[in-house]
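Descriptive structure summary
This is what each chain is made of:
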Amino acid sequence: MIQYVFKRLLVSIPVLFGISIVAFFIVRLVPGDTVTAMLGNSYTESQAEALRAKYGLDQPLIQQYLTWLGNVFQGDFGYSQFTNTPVLQAILVRLPITIELAILSVVIAVILAIPLGTIAALRRNSKFDYGASLFGMLGISIPNFWLGTLMILFLSLYAGWFPSGGFVGLYESVWGNLKSMLLPAIALGTAVGAVAMRMTRSSMLEVTNQEYIKMARAKGVSNQRLIWRHAIKNALIPVVTVLGIQTGYLLGGSVVIEQIFGLPGVGQLALAAITNRDYALLQGTILFIASAFVLVNLIVDIIYGFLNPQIRY
């Protein structure tokens with residue numbers, strides 16, 4: 001298992017290298033640059049050239065990339081041109097908020113998906129199965145930003161049960177933190193739960209039709225022990241894949257939800273970097289999100305090893 005994890009880490013290196021190339025060059029395809037965004041509409045060309053020279057933007061792109069990559073290897077992601085703060089510090093301040101949002105969303109998705117999918121598979125073509133399928137269709141079809149807006153309207157403005165936006169730190173108030181994070185987590189986790197529920201149902205149907213399940217049932221193994229000890233463990237393998245991929249997307253795709261609920265996470269930071277054409281900040285956030293995606297996939301592979309003993313060998 002250790003060798004397997006080591007090989008996966010080695011494979012991740014060229015992936016991150018390729019992502020660094022994309023992150024660096026794709027932001028420069030946007031019309032304009034950091035200098036024009038900083039100076040506004042009224043500036044002279046000499047002022048722009050002086051500012052480009054200050055930030056090294058007058059050098060060839062290849063040289064800029066190699067300089068930036070060398071600094072990244074030393075832990076220096078550069079400075080934000082607008083706030084003049086270290087990029088790494090700005091990301092690390094906001095990263096816990098995005099991670100907490102992603103974890104809560106996945107927890108909600110698991111709570112919804114595994115019980116609903118399992119029971120729907122065991123009661124195939126029943127009313128419960130049709131209801132679970134309807135939830136899956138609605139969860140996939142409804143955009144999370146629209147669901148989030150509706151929850152703010154009804155649960156915050158009308159009912160007054162939750163705050164309509166803002167963030168309360170975990171160390172300030174546990175209950176206040178949960179209230180500020182629950183609605184955005186539900187908005188994100190509903191779609192993930194719908195996808196995982198459909199996968200759980202189809203996987204359970206496939207596993208329960210396997211020969212070893214039929215043989216165990218013929219030998220008199222109780223249905224409860226058969227399902228919870230044998231079937232569900234094998235059925236969860238593709239579900240873990242879906243949840244792992246969706247978790248990676250949650251870490252990078254929560255921009256709209258963070259904006260709607262006013263959460264100061266990495267997504268909102270990336271949006272501000274795009275608006276201001278802050279190259280260093282945008283490159284750093286893209287690289288961090290991609291690294292988190294790779295790390296999540298590695299964790300999923302390790303979980304595979306625990307769920308399926310064949311992988312360990």
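Residues numbered from 1 in each chain as written. Predicted model: local features only at pLDDT ≥ 70, side-chain atom pairs only at ≥ 80, totals over all residues. Heavy atoms only, no water.

Notes on the overall build of the chain
Which entries qualify depends on this criterion: Helix numbers and strand numbers start at the N terminus; a helix is a DSSP run of H or I with at least 4 residues, a strand a run of E with at least 2. With a 1.4 Å probe rolled over the protein chains alone, any residue whose accessible area is under 20% of its type maximum counts as buried; one over 50% counts as exposed, and the rest are partly exposed. Should any heavy atoms of two residues lie within 4.5 Å, those residues are considered in contact. Accessible surface area values rest on a Shrake-Rupley calculation with a 1.4 Å probe, where residue burial reflects the displayed protein chains alone. For this count, His and the chain ends are skipped, Lys and Arg are scored as positive, and Asp and Glu as negative. A charge is said to be at NZ when it belongs to Lys, at CZ for Arg, at CG for Asp and at CD for Glu.
Along the backbone of the chain there are 14 helices and 0 strands. Mapped from its N terminus to its C terminus, the chain presents α and β elements in the order α-α-α-α-α-α-α-α-α-α-α-α-α-α. Over its C-alpha atoms, taken along the principal directions, the chain stretches across nearly 85 × 55 × 35 Å. Every one of the 313 residues in the chain was classed for burial, and the buried ones make up 39%. A fraction of 73% describes how many contacts in the chain between residues 6 or more apart in sequence connect residues 24 or more apart. Of the roughly 17200 Å² of accessible surface on the chain, 66% is carried by carbon and sulfur atoms. Across the chain, the 20 positively charged side chains and the 13 negatively charged ones have centroids separated by 20 Å.

As for the layout of surface pockets
How we decide: Two kinds of site are reported from a 1 Å grid over the protein atoms alone, namely cavities, where a 1.4 Å probe fits but cannot get out, and pockets, open sets with protein on both sides within 12 Å along at least five of seven lines, and residues are called lining when an atom falls within 4 Å of a point. Grid points are joined across faces, edges and corners, and a volume is the space filled by probe spheres set on the points. When residues are grouped by polarity, Ala, Val, Leu, Ile, Met, Phe, Trp, Tyr, Cys and Pro land in nonpolar, Asp, Glu, Lys and Arg in charged, and all others, Gly among them, in polar.
Within this model, the second largest pocket holds a volume of roughly 340 Å³. What lines the second largest pocket is I13, P14, L16, F17, S20, L69, V72, F73, F77, L287, F288 and S291. Elements represented by at least two residues in the lining of the second largest pocket include exactly α1 (2-26), α4 (61-73) and α13 (279-307). Here the residues of the lining of the second largest pocket sort into 10 nonpolar, 2 polar and no charged.

Focus: the side chain of D129
This is how it is decided: Any N or O atom pair separated by 3.5 Å or less is treated as a polar contact, with the protein-specific requirement of one donor-capable and one acceptor-capable atom, and with residues adjacent in sequence counted only for side-chain atom pairs.
Its location among the elements puts D129 in helix α6 (residues 127-141). At 2.7 Å, the side chain of D129 forms a polar contact with the side chain of R201. Filtering out sequence-adjacent residues up to four positions away, D129 remains in contact with A120, R123, R124 and R201.

What about the nonpolar core?
Note the cut-off: Here, nonpolar core refers to any group of buried Ala, Val, Leu, Ile, Met, Phe, Trp, Tyr and Cys residues whose side-chain atoms link them within 4.5 Å.
With 45 residues, the main nonpolar core has L101, M204, A231, L250, F261 and L263 as its most contacted residues. Mapped by element, the contributors of at least two residues to this core are α5 (87-122), α7 (144-158), α8 (174-208), α9 (211-218), α10 (223-252), α11 (255-261) and α13. Among the elements that take part in this core, α10 stands out by supplying 12 residues, more than any other. Beyond its immediate stretch of four places on either side in the chain, M204 contacts T118, A121, L122, I227, A231, I232 and A235. The next biggest cluster of nonpolar side chains, apart from the first, holds 18 residues, and it includes L57, W68, L69 and L282.

Details of the packing of aromatic side chains
Rules: Working definition: rings of Phe, Tyr and Trp (its six-membered ring) pair if their centres are within 6.5 Å, and the pair is stacked with planes under 30 degrees apart, edge-to-face with planes over 60 apart, and tilted otherwise.
On inspection of all chains with the given rule, the structure shows 7 aromatic pairs. Taken together through their ring pairs, the aromatic side chains of F24, F25, Y65 and W68 make up a single cluster.

Things to note about the UniProt feature "transmembrane region" (unreviewed entry) in the chain
Cut-off, in case you're wondering: UniProt positions are given in the numbering used here, feature names are shortened, and annotations may be inferred rather than shown by experiment.
UniProt's entry tags residues 9-30, 101-122, 134-161, 181-200, 235-261 and 281-307 with the feature "transmembrane region" (unreviewed entry), counted in the numbering of this structure. A helix fraction of 100% and a strand fraction of 0% characterise residues 101-122, whose end C-alpha atoms lie 32 Å from each other.

Re the pattern of salt bridges
Rules: Basic side-chain nitrogens of Lys or Arg form a salt bridge, by our definition, when they fall within 4 Å of a carboxyl oxygen of Asp or Glu.
In this structure the tally under the stated criterion is 1 salt bridge. The shortest N-O distance in the salt bridge between R201 and D129 comes to 2.7 Å. Placement of the pair is R201 in helix α8 and D129 in helix α6, with a sequence separation of 72 residues. Comparing R201 with D129, the two get one shared label, buried.

Points about unusual backbone geometry
The phi dihedral of N125 is positive, around 65 degrees, even though this residue is not glycine. With respect to the helices, strands and loops of the structure, N125 is situated in the loop between α5 and α6. Here N125 falls in the exposed class, since its relative accessible area comes to 53%.

Topic: the side chain of S105
Note that S105 resides in helix α5. Relative accessible area serves as the criterion here: at 0%, S105 is assigned to the buried category. Ignoring anything within four residues of it in the chain, the contact list for S105 reads P184, A185, L188, G189 and L250.

Points about a nonpolar patch on the surface
Under the convention used in this document: Residues with no salt bridge and a relative accessible area higher than 30% make up the patches, which join like charges within 9 Å and nonpolar side chains (Val, Leu, Ile, Met, Phe, Trp, Tyr) within 5 Å.
A cluster of nonpolar residues, I99, I103, V107 and I111, forms a patch on the protein surface that exposes about 350 Å² of accessible area. For I99, the location among the structural elements is in helix α5. For I99, a relative accessible area of 34% puts it in the partly exposed group.

Let's talk about α6
Which entries qualify depends on this criterion: Expected span of a helix, by definition, is 1.5 Å for each gap between consecutive residues, and there is one gap fewer than residues.
With 15 residues, α6 extends 21 Å between its outermost C-alpha atoms, agreeing within 8% with the 21 Å of an ideal straight helix rising 1.5 Å per residue. Against the buried residues of α6 lie α5 and α8.

Overview of the packing of α5 against α8
The relative placement of two packed helices comes down to the angle between their axes together with the axis-to-axis distance. Quick reminder of the rule: Geometry is summarised by axes, namely lines fitted to C-alpha atoms with helices restricted to the contacting stretch, and by angles between N-to-C directions that run from 0 to 180 degrees. Left-handed describes a crossing in which the near helix is turned anticlockwise from the far one by less than a right angle; the clockwise case is right-handed.
Following both chains from N to C, one finds α5 and α8 inclined at 35 degrees, their axes separated by 5 Å at the closest point. By crossing handedness, the relation of α5 to α8 is classed as right-handed.

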